[in-house]
Amino acid sequence: SLYLETLLSLWQEYVSIPTCSMLCAALVDINPDVAERCQRFLHPSNVLDAVPARTVQPVDLRAPKDQDERRGLLQLFSTYYEHARYHGEASIKPCPMIGMVVKSWSAMNFGEIRLSVSQCSAIGYVLTHHGSDVEGMHLDGCHMSDVGLAALSPALVTCTKIKELDLSFNDLPDADVLASVITALHARLESVDVDGNPVGDAGFAVLCNALCQCQHLRVLHVHCMHVTAHSMPAICDVIDQCQQLVELLMHGNGVQSTAASHDVE
């Protein structure tokens, strides 16, 4: 399987048996059969003989196809990151298998998985080393909070090919970090979804200043952000500056639909 191959790649490339045992423990929740095979490979009495280096047959490396596989891959990302932290990031070379998985997953999606700050840092570590070709980042409903986004953002802003950014419903009341991410990625952004982050009118103005730089923006979702009619000038500036904008959705705010429609027109 994809996860077995990743595990064996990590072992063969650079990590210790105890570290692979940690990865194996993570695999139990993904696929018990794979975990059992890994345990046999890693048993002290046969680990040197059971799987000669480079004998594992290649598998079809692909993006995870469902929520369970996404959770499993997140566990591997987290263990990969913790290993780097323990041994010192400078001494760890990137894992080729994880790199190939990320490359096949052009739009990274951990939507609807509640992310801890540590998991945000793990995703950031993977993006730093393997995220140069990522074109979409879907982290909707992850409840990462401002602290989680702050941990992820230094890596996220280096992914300059991102066209789709979904950070909706992440409990982000502070618009500053959110705006800094949009500013850093503005050159290619075509779709931005920040629904459900209660930034209020002041934060929304900061966010709109960043959005005005997105000259290729086509889709913008700003539902339920606790904004009022005071924010209409800011969103009108976005409409004026983003000439390719074709879809703007901002329901669930403190703006009457007739007034919003009039101003947008």
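Here, the structure is the one placed above.
Conventions and cut-offs
- Residues numbered from 1 in each chain as written.
- Predicted model: local features only at pLDDT ≥ 70, side-chain atom pairs only at ≥ 80, totals over all residues.
- Heavy atoms only, no water.
- Pairing = 2+ DSSP bridges.
- Helix = DSSP H or I, 4+ residues; strand = E, 2+ residues; numbered from the N terminus.
- Axes fitted to C-alpha atoms, helices over the stretch in contact; angles between N-to-C directions.
- Contact = heavy atoms within 4.5 Å.
- Polar contact = N/O pair within 3.5 Å; in protein donor to acceptor, adjacent residues only side chain to side chain.
- Disulfide = S-S within 2.5 Å.
- Buried < 20%, exposed > 50% of the residue type's maximum accessible area, 1.4 Å probe, protein only.

Participant: Would you mind going over the sheet that holds strand 4 (residues 191-193) with me for this structure?
Facilitator: For sheets, the rule is that strands pair by backbone hydrogen bonds, running either parallel or antiparallel. Across the sheet, 6 strands lie side by side as 1-2-3-4-5-6; this open sheet has parallel pairing. Unpaired on one side and paired on the other, strand 1 (107-109) and strand 6 (247-249) mark the two borders of the sheet. The sheet shows a mean angle of 5 degrees between the axes of neighbouring strands, taken without regard to direction. When strand 1 meets strand 2 (residues 136-138), the two strands line up parallel, connected through 3 bridges. Note that in strand 2 the partner of Asn109 across the bridge is His138.

Participant: Hey, could you run me through the environment of Asn170 in this one?
Facilitator: Along the chain, Asn170 falls in the loop between strand 3 (164-166) and helix 8 (175-185). Separated by 25 residues in sequence, Asn170 and Asp195 have C-alpha atoms that sit 8.7 Å apart. Once you skip the residues sitting within four places of it in the chain, Asn170 turns out to touch Leu139, Asp140, Gly141, Cys142, His143, Met144, Ser145 and Asn197. Side-chain polar atoms of Asn170 contact the backbone nitrogen of Cys142, separated by 3.3 Å. One polar contact links the side chain of Asn170 to the main-chain amide nitrogen of Met144, over a distance of 3.2 Å.

Participant: Mind showing me how you'd approach the state of the cysteines here?
Facilitator: What makes a disulfide is a covalent bond joining the sulfur atoms belonging to two cysteines. Applying the stated rule across the entire model yields 0 disulfides. Between Cys214, a cysteine without a disulfide, and Cys242, which holds the nearest cysteine sulfur, the sulfur-to-sulfur distance is 6.0 Å. Looking at Cys214, the relative accessible area reads 0%, which means it is buried. Cys242 forms no disulfide, and the closest cysteine sulfur to it belongs to Cys212, at a distance of 5.9 Å.

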